[in-house]
Amino acid sequence: MARSRIKRMSALSGSLMFAPYLILLVAFGVVPVVMAFFTALKPSMVNPAGGFLNYLVVIQDFRFLPALTNVATFLVIYVPLMVLVVAAMSLLLDAIRSRWTVPLRAAYIVPASISGAVAILVWYFMLEPTYSPYGDLLRAVGITEGSQIWNTGNLVWIFVLMAFFTGAGNWIIVQYGSLQSISDDILEAARIDGANAFQIGLQIKLPLIRRYLIYMSILTFAAGLQIFVEPYLISSTVYPGLADNWSLNQLSYSFAFQSGNLGASAALSLMLLVICIIAALIAIFRTDFFEEARPTTKRSKKAARAAMPAGSAI
Amino acid sequence: MNKRLALPLALMAVFGMAGCTAGSGDAGGGTPELLIWVDSVREPAAKAYQESVKGDVDVTVEVIDTAELLTKISLFNTTGSGWPDVVFAGGPNDVAILADPSNGYAANLSETVDESVFKSYDGANDWCLIDGDYYCLKNDLAQSVLWYDAVVFEELGLTVPTTMEEFATEAMKLEGTGYVAGAIGDQNYYASYLWPSGCPMAAADDSTTVRIDPDAEECTRVADLVQPLVDAGVLDTRSSFDAGFLADVAQAGKVAMTFGPSWFGEFVLRPESSWAIPEGHVAAAPMPIWDGNDQAYSGEWGGGIWMASSHSKFPDAAADAVTYLATDPELLADSVTFPGSGPAFEAWAERVGSDPYYASSPVPAMVQQATLINPSEKPVRYDIQGQVGAVLQTEINAGTPVAEATRKFQESLIQLAPGSGYKVTQ
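Keep in mind that this is a model prediction, so the values were computed, not measured. (Residues numbered from 1 in each chain as written. Chains lettered and ligands numbered in written order. Predicted model: local features only at pLDDT ≥ 70, side-chain atom pairs only at ≥ 80, totals over all residues. Heavy atoms only, no water.)

What follows is about the interface of chain A and chain B. In this assembly, 41 residues from chain A lie in contact with 43 residues from chain B. For the pair chain A and chain B, the summed buried surface comes to about 3,500 Å²; carbon and sulfur atoms form 62% of the total. Ranking the residues of chain A by area buried against chain B places Met45, Phe62 and Phe257 of chain A at the top, with a combined share of 19%. On the surface where chain A and chain B come into contact, there are one salt bridge. With a shortest N-O distance of 4.0 Å, Arg238 of chain B and Glu145 of chain A are connected by a salt bridge. Applying the counting criterion to the chain A and chain B interface returns three residue pairs in polar contact (both at pLDDT 80 or more). Elements supplying a minimum of two residues to the side of chain A that touches chain B: α1 (2-39), α10 (210-225), α11 (229-236), α12 (248-257) and α13 (262-285) of chain A. Looking at the side of chain A that touches chain B, the element that brings in the most residues is α1 of chain A, giving six residues. When grouped by side-chain class, the residues that make up the side of chain A that touches chain B number 25 nonpolar, ten polar and six charged. (Contact = heavy atoms within 4.5 Å. Buried area = accessible area lost by both parts, 1.4 Å probe. Salt bridge = Lys/Arg side-chain N within 4 Å of Asp/Glu carboxyl O. Polar contact = N/O pair within 3.5 Å; in protein donor to acceptor, adjacent residues only side chain to side chain. Helix = DSSP H or I, 4+ residues; strand = E, 2+ residues; numbered from the N terminus. Nonpolar A, V, L, I, M, F, W, Y, C, P; charged D, E, K, R; others polar.)

A word on the domain arrangement of chain A. All names here are of chain A. Assigned domains of chain A: these are domain 1 (1-39) and domain 2 (54-117 + 154-312). Listed as interface residues are four residues of domain 1 and, on the opposing side, five residues of domain 2. With both sides pooled, the region where domain 1 packs onto domain 2 buries about 360 Å², and carbon together with sulfur makes up 80% of that total. Joining domain 1 to domain 2, the criterion identifies zero salt bridges. Summed over the shared surface of domain 1 and domain 2, the number is zero residue pairs in polar contact (both at pLDDT 80 or more). For the side of domain 1 that touches domain 2, the class distribution of residues is three nonpolar, one polar and no charged. (Domains from an automatic or database assignment.)

A few words now on a negative patch on the surface. Residue and element names in this part refer to chain B. Together, Glu165, Glu166, Glu217, Asp224 and Asp291 make up a negatively charged patch on the protein surface. Where the negative patch is concerned, the elements lending two or more residues are α7 (164-172) and α9 (217-231). Tracing the sequence through the fold places Asp224 in helix α9. (Patch = residues over 30% accessible without salt bridge, like charges linked within 9 Å, V, L, I, M, F, W, Y side chains within 5 Å. Areas by Shrake-Rupley, 256 points an atom, 1.4 Å probe, with all protein chains shown as cover. Lys, Arg positive; Asp, Glu negative; His and termini not counted. Charge placed at Lys NZ, Arg CZ, Asp CG, Glu CD.)

Attention now moves to unusual backbone geometry. At Asn245 of chain A, a position not held by glycine, the phi torsion is positive, near 50°. Take Asn245 of chain A: it is sitting in the loop between α11 and α12. For Asn245 of chain A, a relative accessible area of 11% puts it in the buried group. In the Ramachandran plot, Asp131 of chain B falls in the positive-phi region, its phi being about 50° despite a non-glycine side chain. (Buried < 20%, exposed > 50% of the residue type's maximum accessible area, 1.4 Å probe, protein only.)

A few words now on the sheet that holds strand β8 (residues 144-149) of chain B. Residues and elements named next belong to chain B. Spatial strand order, β11-β8-β12: three strands in an open sheet with antiparallel pairing. With partners counted over all chains shown, the strands left at the sheet margins are β11 (257-261) and β12 (282-285), one partner each. The average angle at which neighbouring strand axes cross in this sheet is 35°, direction not considered. Along the sheet, α7 contacts β8 and β11; its crossing angle with β11, the most-contacted strand, is approximately 135°. Lying over the sheet, helix α15 (residues 363-370) contacts β8 and β12, oriented at roughly 160° with respect to β8. (Pairing = 2+ DSSP bridges. Axes fitted to C-alpha atoms, helices over the stretch in contact; angles between N-to-C directions.)

All right, on to the packing of helix α5 (residues 116-127) of chain A against α11 of chain A then. Residues and elements named next belong to chain A. Between α5 and α11, the least distance of the axes is 9 Å, while the angle of their chain directions is 55°. With respect to α11, the axis of α5 lies oblique. Considering the relative orientation of α5 and α11, their crossing is right-handed. Residues Gly116, Ala117 and Ile120 of α5 lie in contact with α11, whose contacting residues are Val229, Glu230, Leu233 and Ile234. Here the contact of α5 with α11 is built from residues that sort into five nonpolar, one polar and one charged. (Parallel < 35°, antiparallel > 145°, perpendicular 65-115°, else oblique. Left-handed = near helix turned anticlockwise from the far one by under 90°.)

Time to look at the sheet that holds strand β10 (residues 209-211) of chain B. All names here are of chain B. Taken together, three strands build an open sheet; the order of strands is β9-β10-β15 and the sheet is mixed. At either margin of the open sheet sits one strand with a lone partner, and together these are β9 (203-204) and β15 (423-425). Pairing of β9 with β10, which is carried by two bridges, proceeds in the antiparallel orientation. Opposite Ala204, over in β10, you have Val210 as the bridge partner.

All names here are of chain B. Along the chain, Phe259 turns up in strand β11. The class of Phe259 is buried, set by a relative accessible area of 1%. Along the primary structure Phe259 and Glu43 are separated by 216 residues, whereas in three dimensions their C-alpha atoms are 29 Å apart. Setting aside anything within four residues of it in sequence, one finds Phe259 in contact with Val145, Leu146, Trp147, Met164, Phe167, Asn188, Ser192, Tyr193, Phe264, Met287 and Pro288.

Applying the stated criterion to the full structure yields 44 aromatic pairs over all chains. For the pair Phe18 of chain A and Tyr21 of chain A, a centre-to-centre distance of 5.9 Å together with 45° between the ring planes defines the contact as tilted. Placement of the pair is Phe18 of chain A and Tyr21 of chain A together in helix α1, with a separation of three residues, close to one helical turn. In this structure Phe18 of chain A comes out as partly exposed when scored by relative accessible area, which is 42%. Given a relative accessible area of 43%, Tyr21 of chain A falls into the partly exposed group. Here a set of aromatic residues connected by ring pairs shows up, and it is made of Phe241, Phe245, Trp263, Phe264, Phe267, Trp275 and Trp301 of chain B. Against the face of Phe255 of chain A rests Arg63 of chain A, its NZ or CZ located 5.5 Å from the ring centre. Over the face of the ring belonging to Trp37 of chain B we find Lys72 of chain B, whose NZ or CZ atom lies 5.7 Å from the ring centre. (Phe/Tyr/Trp six-rings, centres within 6.5 Å; stacked < 30°, edge-to-face > 60°. Lys NZ or Arg CZ within 6 Å of the ring centre and 35° of its normal.)

Shown next as structure tokens:
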């Protein structure tokens, strides 16, 4: 009897603790999605009947395939680059346990303060031979005109650069946090067994923070899939039109506000949402992301607790 | 769910609230209230209007990025309230979207503004004429003219061309001298070459049919004329605003001539931070004629417009504001742009025409071209300016042959137009 009361109490307190999040999830997650679903059925000039044909309108639009290709290329470069570099850098940062660690950590966060509109300006000035502090360097490799860098073929690399330098620093600190929580006992044991620093990093530490790297790749994938600010700003400021409708989100924006086609816009947004959800589900269920920690991974559970607050702040 | 996902979704939520329409309501008594949206350049003008009607009309002026005008209006259309009473649009094409029944923002000014206002500068407001009614007033005309450096012309023994063949011949004389005949890697190629020639890119017959023809002679002949000049290095493929072009060419005084809109003189050639061409150099000539055209036409690059809201509770006050902002002589005399109304223009011409900066007055050439903007191009609902940047400019900057760049640009328009409800003919 006492046990069931405890059970009820814990269910109640659990619900209470979950309630604030649930309210926000419904208000700003579920309701908009439902609304978007109905908006996606609205008629437009190109599809006066409306309905599910709007999804076809999106896919058949001449800008859809190029935008899809752009975003896919971007993701193929950006996500693995982030995971690899962030894992490597955080392992290195963790390996250096000296008085330099604190200033080093600060240094990783600095580039993250340059985001969105500011990143566009910074990179424009860096990559424009006339203004660049590295102008001589650019000219030395034969780049004398801005258009040699700022052209459609290079855009994906430029956006990867921008996104990488904006995001990597924060993630390095987060992953460093998860590495910090690995118990010294384990590392000590490994050392006694004769593992060198390289083996410890690759075979002990990396597997223990694996699920946080997965968590990170889901978030970077979702963010990358929705790339908008960088191409939108570059097209509306320094190089008019250069990256017009470059990404799927930009196309969605054009549908809504250039063609007045809210139906197609909502349809495309929903397609992006579905891709995001599928990607997240694969990452979660094809790995042990949500599995309860077994006794053998007790310490990684501890690491989870330590890293989560930092991760959820991003 | 992460934040970047949340924003578009929240936006979609806003779209969803279409149900509750406010309706325009009755004006009733009391002081009329107007909300005016302008860009930062037009803010002093709006403030001047606010001052001039103080006590009679309660005017609020808000500065917005006019690139976001369509976005904001369509959000208000969905929520059914919040529209500004008067707006300035930097993209003259916006009138096609805002006056279309599918949007319905722009008020029919023929009902509220006196007929004489529309006619105050010969044909200038024809752009605003949709199905026989006026839906906007032109703030300024951005007709192209031939800007040239009189000092360089004299030094090199060049003559001012009157036909496009002569233009090509004179430009070719610059080969090897380090001088150029302008830059074509931006909207200038569209506004000062393709449009004057009469190349069909937005040749709307009515609100549902548009002619876009990549094979038209008016299009192909432009590339044929321009390509040899590009190959010879006398036409730059960068933008007139490109940092490299400014430093290497324009500020070095190496532009012998260039086509450009009427605002090029005050806004591009003159300022220190721009081309910085010194006093006594700049002159303007009428556009050369394309062989086979009946007139030496111009195109237009910019040329902003004023519109009133069809949802305004005070339609007469809104119409008065639009009229004042588009026509007041005192207001427009100091503007950098060529006013789109007669009396305002005269005050402006007096100031610019007597300015010692110019080698000779550029006003006569501008006046001649003001009534010669090629009427083949019309406001259309698809984003032609966007495609100029996305395709035409990008391709030319990247060194694509001009003919191919132009064709790609027109083909993108052919694909884009049906999405805005047009049937494309050739």
